[in-house]
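# Fold and contact review
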Amino acid sequence: MRTFFRVWSAEWLKLSRSRIWPQMMLSAAIALLVGIVEKPEGPDAIAWQQLLGTMTLLHAMLFLPLLTGIFSAMVCRFEHSGGGWKQLLVLPMSRGILYTAKFAVVCTMIMIVQLLFMAAVLLAGWFHGFGQAPLLMLGKSLLGGFIACLPLAALQLGVSTAWSSFAAPLALNVVFTIPNMLIINSATYGPFYPWAQPLLAMLPRGEADFGAFNLPLETIMYVIAGGFLLFFMAGFVYFQRKEV
């Protein structure tokens, strides 16, 4: 466990020197602007739900999947340049610990993005003068979006370790994020599409009643758990056998 935290700290230190913080704050800043411009009407309980739904749409449908791909690519960027993998993998350290630590760094950045988004929702509600915030509803949305990003993070990390190009995994992520607006309308394909799962998990129940939103959240979570295990184990096994 101590080795894992040492590797995690080293990976985090490398990323902290890059320009990652503005990217982590971008989605929350735009969501805050949307939440301030569009004021929901009605009782506070309904207004908070509508505010969360409005701010979640752009954040979870577009920015969260894109940022997950960016973070996954960035944790492998240094190793792909200048023979970094050769220098790293010859160290007396388990490949499994290294891969898991990189994945944990990606998860940490996703959670920070989610916390910034929650802060943006609270600020927008304060700006409009709403009453006490429904922290349980906000917490479920935040945690649901985080969990829904895990399969996508596992998939993108596996792709990023396999491809030496930094731009290629990002381009792939953009290509598969764009169809979200169409696929989310399908109750058949939407729940199984990793790029659409963050929106399905974050949007408050009742804010949409079409396509995949008609499915119970528990069903979507089962699909997310299965996808995460599949993508993470595939990337883990590949990394264990990766030639230096």
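Procedures and definitions
For every chain, the first residue of the written sequence is number 1, and numbering continues from 1 along that sequence. pLDDT decides what is reported in this predicted model: residues at 70 or higher carry local features, side-chain atom pairs at 80 or more are listed and counted, and totals for whole chains, interfaces and linings draw on all residues regardless. Only hydrogens and water are set aside when side-chain values are computed; all heavy atoms of the structure are taken into account. Note on terminology: pairs of cysteine sulfur atoms within 2.5 Å are recorded as disulfides. Here the term buried applies to any residue with accessible area under 20% of the maximum for its type, exposed to any over 50%, and partly exposed to those in between, with areas from a 1.4 Å probe on protein chains only. Among buried residues, those of type Ala, Val, Leu, Ile, Met, Phe, Trp, Tyr and Cys that are joined through side-chain atoms within 4.5 Å constitute a nonpolar core. Segments assigned H or I by DSSP are reported as helices when at least four residues long, segments assigned E as strands when at least two residues long, and all are numbered from the N terminus. Here a Phe, Tyr or Trp ring, Trp counted by its six-membered ring, pairs with any other such ring whose centre lies within 6.5 Å, and the pair is stacked when the planes are under 30 degrees apart, edge-to-face when over 60, and tilted otherwise.

## Details of the state of the cysteines
Two cysteines joined by a covalent bond between their sulfur atoms form a disulfide. Enumeration according to the criterion identifies zero disulfides in this entry. Cysteine Cys76 is unpaired, with the sulfur of Cys107 as its nearest cysteine sulfur at 13 Å. Cys149 forms no disulfide, and the closest cysteine sulfur to it belongs to Cys107, at a distance of 9.2 Å. Residue Cys149 is classed as buried on the basis of its relative accessible area, which comes to 0%.

## Topic: the nonpolar core
Formed by 63 residues in total, the largest nonpolar core has its most connected members in Met55, Phe71, Val75, Phe103, Met109 and Val121. The set of elements that each furnish at least two residues to this core consists of helix H1 (2-16), helix H2 (21-37), helix H3 (44-80), helix H5 (95-128), helix H6 (135-162), helix H9 (197-202) and helix H10 (217-241). Top element by residues in this core is H5. It accounts for 16 residues.

## A short note on the packing of aromatic side chains
In this structure the tally under the stated criterion is 13 aromatic pairs. Note on Phe4 and Phe5: the rings are 5.5 Å apart at their centroids and 75° apart in plane angle, and the pair reads as edge-to-face. A residue is classified by how much of its surface remains accessible, and Phe4, at 18% relative accessible area, is buried. Judged by centre distance (6.1 Å) and plane angle (85°), the ring pair of Trp12 and Trp21 falls under edge-to-face. Taking the relative accessible area as the measure of exposure, Trp21 reaches 37% and is therefore partly exposed. Put simply, the rings of Tyr99, Phe103, Phe228, Phe232, Phe236 and Phe239 pair up and form one aromatic cluster.

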